[in-house]
Amino acid sequence: MSSNASAPSPGQTDSSRWAQLGFGVACMVAASNIQYSWTQFVPEIQKAHGWERAAIQTAFSIFVVVQTWCTPFVGALIDKFGPRLLVLFGGVLTGLAWVINSYATTLPGFYVGAVVGGLGVGAVYATCINNAIKWFPDRRGLGVGLTAAGYGSGTILTVIPIANMIASSGYQAAFFTFGVIQGIVIVVFASFLRAPRPGVVKYSASVTQSRRDYTLGEALQTRVFWVMLAMFTGTVTGGLMAVAQLSVIAEDLGVRNLEINFYFFTMAALPFALMMNTIVNGLSRPMFGWLSDHIGRELVMFIAFSLEAVGILALGWYGANPWAFVVLSGIVFFAWGEVYSLFSATAGDTFGTKNIGTIYGLLYCAKGVAALLVPFGNVLMERTGTWTSVLYTMAALDLSAALAAILILRPMRRRLAKEDIARAA
């Protein structure tokens, strides 16, 4: 692996790639509601139909599984069709998913909406992340982090409007209205997307990056890939449980509707926590990504995963206090958000960019595996009668991944770098 930089060719301005980044972020913002606003709809759907929580949350698991497991196929199509067509296709499906939910009166109806939404968001997410990896090899952590931040914090623009519409017009009207809006926004900005021409971007002078482009088969033969997959699965499992169950946890802890008073406004603990969590979840992705560009990916993983574990444990101990619930859930979301910038950047650094859509797409399937474990959070809570057992499990997964980043992944990537240098020589 070399760190020699190559300058952009004439006509390839730095401003053009920042514009591409902005278009991708806008698409990610519009696609974020399906995952991060779902928790607001679950209690209303349960009240309207009387279904069990676990059955309703199965729709969330289906969405995440489809979204993640379609990404290897999306990645394989990016180089063939380009980012524009795939994101246009994803935008149509993303809007259609919530329109389907607005008419659904049975659980299978919501499951169909989850499948359509998973395909749509999968196309948008995988393509925009792939585009950021290719446009920003010299600032890969920052570029991917900003793109992922659009998905992680995009709901800050809609969390209150959605809550207000659910309260005033019902969850069906909220599904339909915001489904149409988000679909249109993605389609509009997708029309401006394009991939960089080969050889027109510069590489990092401070982070070791591969000049060798691994094929998917070659990547699968490395132990680095499988260690990253295991770490990704462990950390995402805890975060997805928090995303999907936060509203339910708040209700069971008795803080869902408790008001937090400020000098200038009053807000219930849950919506305030959701609003703050979307902010910190988004901020963490570019911040940790930028930091990893300077001090290394694995060290930042260790810091973030350890912080998340501490936040999860503290949430179980002190979450019954509304102020503590807001602050501690914010810490959890802050530390969790970076997984989507660090793992993609690390994959690009390790395996090159020619086939990164397929390679990271398969690595991203860890999120789909984790989604299958989300309903077991409800089951474990019902068996034990407390969320403490669930939170302890989440913290253990995070601590294991934090130690693996330093003790296993970092030396393993260094050995692979030396092997690539020797092979090139």
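Note that the structure is predicted; figures quoted are calculated from it, not measured. (Residues numbered from 1 in each chain as written. Predicted model: local features only at pLDDT ≥ 70, side-chain atom pairs only at ≥ 80, totals over all residues. Heavy atoms only, no water.)

The number of helices and strands found in the chain is 19 helices and two strands. For the chain, the proportion of its 425 residues judged to be buried stands at 59%. For the chain, restricting intrachain contacts to residue pairs at least 6 apart in sequence, the fraction spanning at least 24 positions comes to 84%. Accessible area for the chain stands at about 16300 Å²; split by element, carbon and sulfur atoms hold 68% of it. (Helix = DSSP H or I, 4+ residues; strand = E, 2+ residues; numbered from the N terminus. Buried < 20%, exposed > 50% of the residue type's maximum accessible area, 1.4 Å probe, protein only. Contact = heavy atoms within 4.5 Å. Areas by Shrake-Rupley, 256 points an atom, 1.4 Å probe, with all protein chains shown as cover.)

Here we take up helix α4 (residues 53-69). Since the α-helix advances by 3.6 residues per turn, residues separated by three or four positions end up pointing in the same direction. Between its first and last C-alpha atoms α4 spans 24 Å; for 17 residues at 1.5 Å apiece the expected length is 24 Å, and the two agree. Of all 17 residues in α4, twelve are buried; the element is thus mostly enclosed. (Expected span 1.5 Å × (residues − 1).)

Next up on the list: the packing of aromatic side chains. With the rule as written, the count across this model stands at 27 aromatic pairs. An aromatic cluster of three or more residues is present, and its members are Tyr36, Tyr125, Tyr151, Phe232, Phe305, Phe333, Trp336, Tyr340, Phe343, Tyr360 and Tyr364. Here the basic side chain of Arg212 rests over the ring of Tyr214, its NZ or CZ set 4.0 Å away from the ring centre. (Phe/Tyr/Trp six-rings, centres within 6.5 Å; stacked < 30°, edge-to-face > 60°. Lys NZ or Arg CZ within 6 Å of the ring centre and 35° of its normal.)

What follows concerns a nonpolar patch on the surface. A contiguous nonpolar surface patch, about 660 Å² in accessible area, is contributed by Tyr103, Phe176, Val180, Ile184, Val188, Phe189 and Phe192. When residues in the nonpolar patch are grouped by element, the largest group, five residues, is from helix α10 (residues 171-190). Relative to the helices and strands, Phe176 is located in helix α10. (Patch = residues over 30% accessible without salt bridge, like charges linked within 9 Å, V, L, I, M, F, W, Y side chains within 5 Å. Salt bridge = Lys/Arg side-chain N within 4 Å of Asp/Glu carboxyl O.)

Time to look at the side chain of Thr158. Within the fold, Thr158 resides in the loop between α8 (140-153) and α9 (159-169). On the basis of relative accessibility, which here comes to 14%, the residue Thr158 falls in the buried class. The residues contacting Thr158, other than those within four sequence positions of it, are Asn33, Ser37 and Phe178.

Of all hydrophobic cores here, the largest spans 118 residues; its most connected members are Met231, Phe232 and Tyr340. Ranked by the residues each element gives to this core, the list is headed by helix α12 (residues 223-253), at 14 residues. Apart from residues no more than four positions distant in its own chain, Met231 is found in contact with Met301, Phe305, Phe343, Ala401, Ala404, Ala405 and Leu409. Cys70, Ile78, Leu86 and Ala126 belong to the second largest nonpolar core, which has five residues in total. (Core = buried A, V, L, I, M, F, W, Y, C linked by side-chain atoms within 4.5 Å.)

So, about the side chain of Glu308. The topology assignment puts Glu308 in helix α14 (residues 297-318). Other than its neighbours up to four places away in sequence, Glu308 contacts Thr235, Gly238, Gly239, Val332, Ala335, Trp336 and Asp398.

With respect to the helices and strands, the residue Ala55 is situated in helix α4. Sequence-wise, Ala55 and Leu107 are 52 residues apart; in three dimensions their C-alpha atoms are separated by 7.7 Å. Excluding residues within four positions of it along the chain, Ala55 makes contact with Leu107 and Tyr111.

Further remarks concern the pattern of salt bridges. Within this structure, the stated rule accounts for six salt bridges. As a salt-bridge pair, Arg212 and Glu218 come within 3.4 Å of each other at their nearest N and O atoms. Classification of Arg212 by relative accessible area gives partly exposed; the value is 25%. Take Glu218: its relative accessible area is 30%, and that puts it in the partly exposed class. Taken together, the shared-partner salt bridges connect Arg140, Asp293, Arg297 and Asp349 into one network.

This brings us to the packing of helix α7 (residues 107-135) against helix α17 (residues 356-363). Close contact between α7 and α17 brings their axes to 10 Å; oriented N to C, the two are set at 130°. Taken together, the axes of α7 and α17 lie oblique to each other. Classified by chirality, the crossing of α17 by α7 is right-handed. Contacts from Ile129, Asn130, Ile133 and Lys134 in α7 reach Ile356, Gly357 and Tyr360 in α17. In the contact of α7 with α17, the residues fall into four nonpolar, two polar and one charged. (Axes fitted to C-alpha atoms, helices over the stretch in contact; angles between N-to-C directions. Parallel < 35°, antiparallel > 145°, perpendicular 65-115°, else oblique. Left-handed = near helix turned anticlockwise from the far one by under 90°. Nonpolar A, V, L, I, M, F, W, Y, C, P; charged D, E, K, R; others polar.)

Low pLDDT means the predicted atomic positions in that stretch should not be read closely. Taken as a whole, the chain shows an average pLDDT of 84; of its residues, 90% reach a score of 70 or greater. Low pLDDT, under 50, characterises residues 1-12; the stretch is placed with 28 contacts to residues that sit more than four places away or in other chains. (pLDDT = per-residue confidence, 0-100.)

Moving on, we come to the packing of α4 against helix α18 (residues 366-384). The interhelical angle for the contact between α4 and α18, taken along N-to-C directions, is 170°, at an axis separation of 7 Å. Between α4 and α18, the angle falls in the class roughly antiparallel. Along its contact with α4, which presents Arg53, Gln57, Ser61, Val64, Val65, Gln67, Thr68 and Trp69, the element α18 presents Lys367, Gly368, Val369, Ala371, Leu372, Val374, Pro375 and Asn378.

Among the secondary structure elements, Tyr318 is positioned in helix α14. A sequence separation of ten residues divides Tyr318 from Leu328, and the C-alpha atoms of the two residues are 8.5 Å apart. Ignoring anything within four residues of it in the chain, the contact list for Tyr318 reads Ala324 and Leu328.

Here the focus is the environment of Pro161. With respect to the helices, strands and loops of the structure, Pro161 is situated in helix α9. Pro161 sits in the partly exposed class, given a relative accessible area of 35%. Sequence spacing of Pro161 and Ala174 is 13 residues, and the spatial spacing of their C-alpha atoms is 8.9 Å.

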